[in-house]
Each structure stands twice: as structure tokens, then as C-alpha cells.
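Residue-level structure breakdown
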2 protein chains.
Amino acid sequence: MISKIRYGNPVPTGAVVNGTADENGKGQLRYFEKTEQGFRYRMEKKDAVYGLGEANRGINKRGYQYISYCTDDPNHTEEKLSLYGAHNFIVIDGACTFGVFIDNPGRVTFDIGYERTDELNIIPEYEDLDFYIIEGEGIKDIVRQFRILIGQSYIPPRWAFGYQQCRWSYMDADAVREVVDGYENCGIPLTAVYLDIDYMESYKDFTISDERFPDFGNFVKEMKAKNIHLVPIIDAGVKIEDGYDVYEEGTAKGYFVKDREGKDYVTAVWPGLTHFPDFLNTEARRWFGLKYQALTDKGIDGFWNDMNEPAIFYTERGIDEVREFLKAEAGTGDISTDQLMELKWKLNELANNDTDYKAMYHNMDGQTVNHDRVHNLYGYNMTKAAAEGLAELRPGERTLLFSRSSYIGMHRYGGIWMGDNQAWWSHILLNLKMLPSLNMCGFLYTGADIGGFGSNTTRELLLRWLALGVFTPLMRNHAALGTRLQECFRFEHTEDFKSVISCRYRLLPYLYSEYLKSVYENEMMFRPLAFDYREDEIAVNVEDQLMLGNEVMIAPVYTQNATGRYVYLPENMTMIIMHENGEEEKELEKGIHFVEMPLNRVVFFVKADAKIPVVGTDYGRSICNGTMEDIAVSRISWLGKQDKGYRMYMDTGHSDNKKDDVLITEF
Amino acid sequence: MISKIRYGNPVPTGAVVNGTADENGKGQLRYFEKTEQGFRYRMEKKDAVYGLGEANRGINKRGYQYISYCTDDPNHTEEKLSLYGAHNFIVIDGACTFGVFIDNPGRVTFDIGYERTDELNIIPEYEDLDFYIIEGEGIKDIVRQFRILIGQSYIPPRWAFGYQQCRWSYMDADAVREVVDGYENCGIPLTAVYLDIDYMESYKDFTISDERFPDFGNFVKEMKAKNIHLVPIIDAGVKIEDGYDVYEEGTAKGYFVKDREGKDYVTAVWPGLTHFPDFLNTEARRWFGLKYQALTDKGIDGFWNDMNEPAIFYTERGIDEVREFLKAEAGTGDISTDQLMELKWKLNELANNDTDYKAMYHNMDGQTVNHDRVHNLYGYNMTKAAAEGLAELRPGERTLLFSRSSYIGMHRYGGIWMGDNQAWWSHILLNLKMLPSLNMCGFLYTGADIGGFGSNTTRELLLRWLALGVFTPLMRNHAALGTRLQECFRFEHTEDFKSVISCRYRLLPYLYSEYLKSVYENEMMFRPLAFDYREDEIAVNVEDQLMLGNEVMIAPVYTQNATGRYVYLPENMTMIIMHENGEEEKELEKGIHFVEMPLNRVVFFVKADAKIPVVGTDYGRSICNGTMEDIAVSRISWLGKQDKGYRMYMDTGHSDNKKDDVLITEF
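Residues numbered from 1 in each chain as written. Chains lettered and ligands numbered in written order. Predicted model: local features only at pLDDT ≥ 70, side-chain atom pairs only at ≥ 80, totals over all residues. Heavy atoms only, no water.

**Some words on the interface of chain B and chain A**
Listed per partner, the contact involves 61 residues of chain B and 61 residues of chain A. Summed over both partners, the interface of chain B with chain A buries about 5,100 Å², with 51% contributed by carbon and sulfur atoms. Sorting the residues of chain B by area buried against chain A places B:E78, B:E492 and B:Y566 first, and these three jointly supply 12% of that buried surface. Between the two partners, chain B and chain A, sit two salt bridges. Our count for the contact surface shared by chain B and chain A stands at 27 residue pairs in polar contact (both at pLDDT 80 or more). (Contact = heavy atoms within 4.5 Å. Buried area = accessible area lost by both parts, 1.4 Å probe. Salt bridge = Lys/Arg side-chain N within 4 Å of Asp/Glu carboxyl O. Polar contact = N/O pair within 3.5 Å; in protein donor to acceptor, adjacent residues only side chain to side chain.)

So, in C-alpha cells, the structure goes:
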């Protein structure tokens, strides 16, 4: 049962689409008490708190605080409060079990036992919100009800389940060819190469640098012939430049975010001075969405939307303040050291400054709304714009689409990657921990920058991360400018990488089937052990293993120089030690095991009574790339025991999806 | 056997004091080959590499690179290459087992399987060095030989084994009283409160702010009467201020570090513009060391030396460059945005800039030496200055002394804390991992800032960190300006903190005895399991447990919301679940266990055939504070089995130490 209590006059977010919520009024707040600042729940000692989507720290979120405010901060150290997404759904499980969704796109703080260990305090900056309480038959049912409330998750084309490579940036077509050849030469199947900001002309959205990517349409074809999809980035900011059509049209039509006086707001990001399209405006959204045609016309069928928190390097206001300070203090150049230190502080505060967010205004179809109140809707609506545009531009066809910033609701339009991370071992584990919390919020197509975006990776770190990435719907290796080259073929003994990545293709029928099942049945593809083994005192606290579907448990290595790791089996399972050409199986009993995990193997666990489909690497690759409506039963093998059936979900892999089109086969 | 090969003309570092090394020449390099850049060892697949003292990442250092260059960087994320200390001793264990010490105080890079997984490359920036190879009967013997080579480790007074509290800063005497009362009121025994930089007058070394700490001598007495030692900080930089005696004397006598032209080098740190004393000069060292008298005269018997990498906020050179840039680019105030971004970069590069280190010169008793070549000796010699001064000022008495920056050799003069860390769970584990590597290099009196220096701690994080801190010789809670107050009494249910911290006092006879044993027998107080159980394939890879002495194994919790953790027992042991008034014991068999670890208990393991002394909390406190020459046997209880004896080392706890003065009792 879902109850909704409305406070104030909330902006419609579009998060909820199936409004079955009971609006019985304040009586339904009963778990919480209203405080001056927000809402308080008294936690019992054993209460755990799950959720918050793309958030820092544990699977159990208790013991810290979190702020929902989409933020461009690539340095996810443990104390960070905000990441790229804002996903205000939690489930409290313990003395009472229920879900809470705060539908409010402004800043919302979740203090989950930080200030006081026994209090959960939810503190919205603006108290215009819908407060949902979801009750049900346990956690999984509560999540399912919430997922129905917010609508069906996005499904990408099947090729987007292949292994993909990105770097900021492959500077020209030859650099892309080098990557494709590098992978081909060592026999590692690749389905996509990403184009980061440098493919554009001066970072202008919907342009292509003729110098670096001449004859782009033919280059796209050349790559398609090798089953490689090119996936260009689209940034939120539109460059201010006379003669640039997107800028000129947007200005003429009033489609950009405004300042206090109603002028187009000026910020700076990669292209230098830019305007932000007003994605909260229906007309502006349609206008921007159809701009993707510049690339779909060239054969592009996948995009990633970036910088849409929106990230801001600086604004005119900030720069003007610095200039004024310099004029006043340093006209003669005789600036004091103290003044220089103040200047340093001012310069470092230019980026992503609250003052700037509070000075931006949206035209929400007639209503003027301050950006700060709806901050978390921005990236969401950029991706909605793209999804709706692409549905018009490529009718009947799926397009790969994912975003850096997001809010619940955006899960219907695209996936997300887990933001700019680092080549840290701890970020493998953070990757794992975000999977179930994102699934709770409807985000199923997701994954982290494998190998780490910032910092220099190592061969071992990349291999271990790939062994987790094999299971994540988005499996993309991505690294930043200035870091060590981290395409797999840059390292010694590429056969180890081939062995690990091939397992992705071998498991593709299973992973794709489980993905479809999660979408259509409103299930979580990845779950904490606590959701399935609530009475098992060890299982409920496991923070480094996940259940995948109803058959599998994963437990990746996330430490340097490890030969293996401890794994807790909440029931008897078969350990699978997989490589490109086969696998070993070993029965293990419920309990704690130290399991060896060679660097060139993918190790996972299948429940004793379950089975999962597995195919050969090449056939898996053809399923990934192909348009086949079915898969050949004769070419499927099975891992695990045979006594329990498996329901396989399969579809065309590329066409617009409806539940009715899914072929469900019982094995 | 120790062999030494000399390259070039190395500066004497004083690291080695017992020069028994065989100088047979280049033949002894046989494990390594000389490369253009340095020295290369081909690692076998199973080779592990231990050591590097205060360094980042694993106990086994393989798989990454490290740069020995003392650096003030409080943000120890996984990719950081340099921390506060520079400790060039490693042991390779595998196909061959041997130790290597690179006695070179400039920048030295250790690439341990980073660039290529099978190569260890040691790359000194300046190839004037002594290259030692140490061979022996296994790792422990190699470490013992190295420890003999570098001389006996520092022993602090016994009160320094009590629980201590620090904050940047307790702003006045009343703030200190509040802390002492806070602990007293909740019955948590405390032995020291630290005074961070704000106790000084304008951050001037050897001054005391009369306003904030009036009648300081009596305040010291007031605290001593409560068994509280005040421990003031001393920074490396000396404020440039007319009338300030330290500045004026130093200038007059030429005791400061010079610039290229031989003028006193000007940098800025906390006091604003400063000079750095030339600690590499014997006379300057003695002069500075005797300055501690300003505080010992007031009854102070403990110090911590800080900012001695040396940290630099900016120099005149850097500031002048920025001013020149501003004058040239922005005379009129019409500076462009690009210029502002360049300015931001320039301002952010002011601190700890290589150009400045390369522009500083030492007078090493007549020889002019560029700072960059001897950078890692600076903090070491500041602490040597203090130790030698304090030995004159407080004859026959030990003084608590530890440093932020260090080099091997400094272990004879004082301890170190593990530098400015963060309130991150991962830093509990980093704390644990540094213990054995520091012990290898002679640093025995050490510990981390418990609860975390930067970032906001949580109650749970602090309790878990304390449960490790109970075992570290330096047990100090320390937090930075602007962070959440983290004295234990600030949190709910202080009885839990009392329970954990009391265990420190209950174990004091054991910990102090093991400390003395480690000093006099050149043993490691903390060892990786790999050192003791080399043939046990699980044990050799354990990175989150340590052996303590010959009796105990520790395995702290370092994750949020954990009810316990996996522990690997390499042999049968007794699990001790300790609290302030007693303990439970439980026999556990060799193997893997999930062990419950309540937040308010200290859980550890005693070998099945061993026993350790334990006392009551109050008695432990009196041993800590007291000057007794012995401890009353009747008041000792024993944990663990009785069949193996225990050799207890005990001494006066305060007087100058010689091995002959130690009372060894066989139980």
C-alpha cells in the first residue's frame, strides 16, 4: 500500500506515473514525526536503511548522512555527501519495514544515524514535496510497488550489453581505429567505442570536427561493418557563438535558462561561455531532442549525456566578482599576500557555486521557477529530451542513451553511468554497492567506469574490475585525459583480458534475460543478500556480495594482490570458475569459504537448485550484435543443477519494446 | 649478511650507525641489474614485497609505485605516491628472500610491478647513494639485522602509552579544562592533551600566548596534578619578526636555510613569512634543540614536531611570479577569463612546489648542499635537534617526542604519527597496514590520528578505530579545525567508549613489555601474518590482521554497520572479548571464522599455547602514570593458556633507558 502526503506546493517532477497512491492525509506519516526541519524516524538498534540510488558508502546506508543534490565531483572519497544523481527512495528494514520516497527536486538531506545514531532525519531545503510511504510484504514487495509507481525502466539495444571502450578522448578517427584494431588483434570482442568531447568542433553540441573526423558518416559505416557502434557525448551547455545554429535558435526562441532579469544565463563549461537549454520547458526539450538528428543522420545509434548536473566551471557573476576584487585590491599590481590567498579561495569557489544555481531561472511551461528548487531535474530532463527526440528520429528502434546526472523518473528514458570515478580499489566495491540501490530506484542500465576514470590504473585493478563488470548491464572501460592508457591491449598478457571479457558474451543470454525480467516484472536485477536472506545474521550484513537474478551470487575481488577472498554462502551453491572456453564447477556448502579467484577467471556462484544458460563466446557475441528474434536452444548449455527450471526472456534486441513482444521460454 | 655498494658521493644521513656492512663492491648487486635509471629486479610470480615504512596501500607493496619524498598531503587517497615519511627499506620474499635499503635522502621511486607486473625498479633521482643488500634466515632475521644496522629505537615515557586527546586547536586553557573534565566525568582515563598551533603567540615557536594560556607554568602543574601531560606542537618554520629572539638569533648566527645567493630563505607557513632553521647544520641543530627549554622550564615533558617535510604554503618567488603575472596581464583590471584560470592554477601551485625545494640550500657543517638532494633528512634532523636538546635539558629523563616527517635514522630520536589522515573507514585499515612496515624501519612509537584528522567522524567510526588504537603505542584521538568535535564524551553512551579505552590500560603491562622487547631485541612489535606463517597460503595474503608480539593476533573491524568480521586463524587460538571489567574467552580452531565484534568490546586472539598479562583498569592506569620500578605480580592475571611462559620486560618508565636497566621476569 502506498500513501502520499503533500506538503506545500510541489513542482511536478514526473517521477511518479502510476498514481495509485492513497491520499489519506497526514495520518499516514505515522512512522515519522514532523520536526521543524523535516521528518524524523526513531530507529531501533537493528534497523537497516537501504536505497538512495547513486550514493556513497554502504549498502546499508545507516551511520552517515547524504545530500541529494546532483554534483559534479569526481573524487568520491568516503566523506562526500553528494554524487551525480539524486534518488530519494529508501527502505527501512527492522522493527518496522517500509519505504519512503521524497518527491522533491531541491536539496534533501538524509541524516541516517549520523548526528544521533538512533535517528533518521529527512530534511528538505524546500518543504514543497510529496511524501510517499510504501508498505508491503517485505522489502522486495515494497521495492516492486515503488517501481510500478515510477514506471517501466529503459531498455537499451542489445549491442549495448557488449564490452565497450571509452577515453577522454580518442582525438581523431585514427585513434578510434587504433583501439578497434588493438582489441581485434588480441581477440577481445568489443561492441562500442565512445567519442568524448573532442570529436566536436570547439565543443559545440551536434557538431563534428571535420579536421579530426572527416567524412564522419562513412567512418560510422566503416565501424558498423566491424560491429562497432560509435557513441558520441552530448553536453548540457550550448556554446555562445554567432553563426552556431543551436545557439542562435535557442536564443531566438527563448529556450535557454534565464537570469533574474530574464536574460539568457551565461555560464562557462568546456566550450567557454555557454547557455543552458531549459530542459524543464516542454518546447525547449523537444527542440533540443530533435537536434540529435545531426548525428543519427550519420548513422549514430547511441549517446551519453554529460555535464548535466549541470556542472559549471564559472559564471560571469563569479568572474566579475574576481575582477572587481582585483580592481579594488590590485589595481597597481601591489596586491598583498593575504589578498592573493583570498583570491585563490575565490577562484577555487567559482565552480559549481550555489550562488549561481540560485540565480538561474526556468520557464516550466509558463511558470518561472528558480533553478535551486528544481536542480535535480535538470539532467533528468536533458535525457528525457533526448529520449523523446530519438523516439521521433529513430521510430521503432531503440537507441543507447545514458546520463551522468539523474533523478527518479529518468530511469524510464535512459540509463546512467556511476559518474566520474577513480582508479581506486575501493571504487570496485562502491560500484558493487550502487547496483542494488540504483535498481531500487528503477535504474537498471548502469555500470561504473571500469578501471577507473581518474588516476592511473594498474593491470591487476583493471582485470579485477572487469570481472565485476562482466555482470553489470553497462560494461565500459573509461579513463580520463592525462591518465595511463587503459585499453586492455596496452597491458602484458592480453589473453587474461580476453579470458575475462569473453565471459560477458558467454553469459549474455542470461544477463539479457535477467535484465528484461527486471524491467518487465519490476524486479531488482541485483539485490543485497539481506533482501533474500533476511533471517540469516551473517547474510544481512554482507556488503561485498550481491544476488543477481534468482539464480546467481557474485563476489568480486576488490583488493590488490589477492589470490582469492572470503565468500559467504547463505545456502549451498555451485561455484563456477569461468574462462573463455569453458568453466570448472565445484559444489560448496552453506557457510564461509576462502575461495581462490585467479586473475584471468570470472568466479561466481549458482544456487544449488538453479541453472543458468551459457553459450560459447562467439555465439554470445552474435546474440549481442544480432537482430535475431530468438536464440537457438541447441546452442545453449546450462550451468548449475538441472532440477529447477529457468524462464528465459528474449526479444528482438533492437526494436521498440513492449512486454507482449517478449518471448518467454521455460527450460 | 649485509653488503653495501656505494654509488657516487652520498651525503651522510646518519641512518646507519652500526656499520658492519661488507663492502665487497658491485658483485653484491647480484639480485639486481643496473639500468640507466636505477636498479631492476625481475620478480617471480609469487614474490611479495614488504616495507617502505609510512607508505600508502597494501602490506604487500607489489602492484603499485611509491615515491620517497616527504610530502604534506593529508588526502591519502589510493593513488597518492608520497606521504609524510621516506623509508627506503624493503624485503622481497619469494623465489629469493632479501632486504634492500637505499640510503639516499633525495627522491627515490619504487616501481613495484606497476609499469610491468614482473619488474621491481628502484629509481633514485640523484645517484649518490649507499645500496645495502641484507640476507639472512628468512624475513624476520633480515629485518632484525637491518634494525641492528640502524640502531636502537626510541623509547617514550610510560605515560605516553596512555590514551591521549588532541584537536587543532584547544584555543585556551579553559578549552583544555573542558576536555579533561569531559573525560573525567565519564570515567575515561586520559594521560595527555595536546596543544596545537594556537597555543603560541602568533605561531611563534617557543612562545606561549599569554592571553589564551595565562600563567602557563601553573596551568601545566594544575594538569599534572590530574595526571594530564600537556604536549605542545613545535613547527619547523621560524616567524620573521623583529624582536623575536629565535628569529633574531638565527639570523645573526646564520642558522637558517639559505637561497641561491646565500640569503636567508623566505617561505610562508602558519606564522606568515618564516625562515627554516638549517637542521642539517650541527650548530644550528644544537641551538634549536636547546630552545625547547622555554617549555621544559614550564614543566612540559612532551612535544610533537610538525610541518617539517618541510611544508610550504608559498614562497616569495611564487608570490612574486603571481604578482608579475598580474602586473603584466591585469594592470588595468581587465584580466581575461583565460588569464584568471591560469592565475588559479598558479595560486594552487604555490604550496609545496618543487621549484622552491630546489632553491633552498643547507650548510652541512661547511658543505653547501641543495635541499632537494637531502629533502628527506629535514624533519628527521629537526627531531634529532629536539631529542639532543631535550637530553641536555632533562638529563636522565625521557621526553615524549614524535614527528610528522621522518627518514630512517630518526627512529632513534622519536616516534612518528602517521600524518594528517581522514575520518575514513579505509584509514583504519591503512593505519593497521603501516604498523609492520614502520616497525621494519625502526619506528615503534607510532599510531594514527584516531577518529580521523580531516572530515567529520562518526560515533561508530571512532569506536572501531579506538579498538585498533588500544594496541598502537601512540593512542591519540585527533581532529582538525572545522570538523565535528570528536572527543569521546561528545557522543551518546559514553560507557561504550569507556569500555573500549579501559582495555588499553588493562593491557598496558603487556603492550609496554612488548614495546621494550621490540626495542631491545630489534623485533617487530607488529608483523604481517606472512612473516610468521610463510607456508600458509591464506595467511600470507591476509592484509587486515596483524601479529602482535609472539602471543597475540589483532583483527579490527574497519567497515560501517558491521556486527563482526571474518578472521583467519593460522593456528588454534583463544578469542578474547574484553571490556573494562573483564573478558570472555572462547577457543577457536585454525581456519576461517566469522567473529562477532560488539562496538563496545575489544576483540583479539591469543595463541593456544601462549598467555599474556592483564590487569584491572585502575591498576593499569597507575602503571601507566606511575614511576614504579616493578609491577606487583599479585595483581596480574593471565589471559590464554598457561602452558607457555611469558617473559615480561619492565623498567622505570621515565628514566633514560639502557638494556641493562630492564627487569626481565619469566612467568
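Right, picking up where we left off after that structure.
**Focus on the packing of aromatic side chains**
With the rule as written, the count across this model stands at 101 aromatic pairs over all chains. Here A:F256 and A:W287 contribute two aromatic rings whose centre-to-centre distance is 6.1 Å and whose plane-to-plane angle is 80°, an arrangement assigned as edge-to-face. Placement of A:F256 in the loop between α4 (245–253) and β16 (267–269) and of A:W287 in helix α5 (residues 282–291) is noted, with a sequence separation of 31 residues between them. In this structure an aromatic cluster arises from ring pairing among A:F206, A:Y255, A:F256, A:F276, A:F279, A:W287, A:F288, A:Y292, A:F303 and A:Y378. Here the basic side chain of B:R158 rests over the ring of B:Y512, its NZ or CZ set 5.0 Å away from the ring centre. Looking at B:R476, its charged tip hangs above the ring of B:W417, at a distance of 5.2 Å from the centre. (Phe/Tyr/Trp six-rings, centres within 6.5 Å; stacked < 30°, edge-to-face > 60°. Helix = DSSP H or I, 4+ residues; strand = E, 2+ residues; numbered from the N terminus. Lys NZ or Arg CZ within 6 Å of the ring centre and 35° of its normal.)

**Considerations on the nonpolar core**
Ranked by size, the top nonpolar core spans 180 residues in total, and within it B:F89 and B:F604 carry the most contacts. If near-sequence neighbours (up to four positions away) are discounted, B:F604 is found in contact with B:F471, B:L507, B:V552, B:M553, B:I554, B:T574, B:M575, B:I576, B:M578, B:I612 and B:L639. Counting 179 residues, the second-largest nonpolar core is a separate cluster that includes A:I428, A:M475, A:V500 and A:V614. (Core = buried A, V, L, I, M, F, W, Y, C linked by side-chain atoms within 4.5 Å. Buried < 20%, exposed > 50% of the residue type's maximum accessible area, 1.4 Å probe, protein only.)

**Let's talk about the sheet that holds strand β35 (residues 602–607) of chain A**
Residue and element names in this part refer to chain A. Strand order across the open sheet formed by six strands is β28-β29-β30-β35-β32-β33, with antiparallel pairing between neighbours. In this open sheet, the two strands that pair with only one neighbour each are β28 (526–527) and β33 (582–588). In terms of strand pairing, strand β29 (residues 546–548) meets strand β30 (residues 552–554) through three bridges, oriented antiparallel. Paired with M547 across the two strands is M553, which belongs to β30. (Pairing = 2+ DSSP bridges.)

**A few points about the sheet that holds strand β19 (residues 314–315) of chain B**
Residues and elements named next belong to chain B. Sheet architecture is open: four strands sit in the order β15-β17-β16-β19, paired in antiparallel fashion. Among the strands making up the open sheet, the edge pair consists of β15 (238–239) and β19. In terms of strand pairing, β15 meets strand β17 (residues 272–275) through two bridges, oriented antiparallel. Within β17, the position partnered with K239 by the bridge is T274.

**Focus on helix α15 (residues 508–520) of chain B**
Along an α-helix, residues three or four positions apart point the same way, because every turn accommodates 3.6 residues. All names here are of chain B. The terminal C-alpha atoms of α15 lie 18 Å apart, and with 13 residues this matches the ideal 18 Å at 1.5 Å per residue to within 8%. Burial within α15 is extensive, with 13 of its 13 residues counted as buried. N522 lies just past α15 and shows a positive phi near 55°. (Expected span 1.5 Å × (residues − 1).)

**A few points about the state of the cysteines**
Residues and elements named next belong to chain A. Applying the stated criterion across every chain yields a total of zero disulfides over all chains. With no disulfide partner, C186 has as its closest neighbouring cysteine sulfur the one in C488, 7.4 Å distant. Looking at C186, the relative accessible area reads 14%, which means it is buried. (Disulfide = S-S within 2.5 Å.)

**Describing a negative patch on the surface**
Residues and elements named next belong to chain A. A contiguous patch of negative charge, built from E201, D210, E211 and D215, is present on the exposed surface. Structurally, the position occupied by E201 is in the loop between β13 (192–195) and α3 (216–224). Relative accessible area serves as the criterion here: at 34%, E201 is assigned to the partly exposed category. (Patch = residues over 30% accessible without salt bridge, like charges linked within 9 Å, V, L, I, M, F, W, Y side chains within 5 Å. Areas by Shrake-Rupley, 256 points an atom, 1.4 Å probe, with all protein chains shown as cover. Lys, Arg positive; Asp, Glu negative; His and termini not counted. Charge placed at Lys NZ, Arg CZ, Asp CG, Glu CD.)

**Structural notes on the environment of A:L377**
All names here are of chain A. The residue L377 is located in the loop between α10 (371–374) and α11 (378–393) in this model. Overall, the relative accessible area of 1% leaves L377 in the buried class. Ignoring any residue separated from it by four or fewer positions in sequence, one finds L377 in contact with V11, P12, T13, P105, L280 and Y407.

**Side note on helix α12 (residues 426–440) of chain A**
All names here are of chain A. Compared with an ideal rise of 1.5 Å per residue, which puts 15 residues at 21 Å, α12 spans 22 Å between its outermost C-alpha atoms and is within 8% of the ideal. Helix geometry: α12 is bent most strongly at M434, by close to 25°, with proline P436 lying one to four residues after it. Counting buried positions along α12 yields 14 of 15 residues, so the element is predominantly enclosed. In the segment just after α12, G442 is the residue with positive phi, at about 95°. (Bend = angle between axes of the 7 residues up to and from the residue.)

Everything listed here is a matter of coordinates, which is why it stays silent on function.
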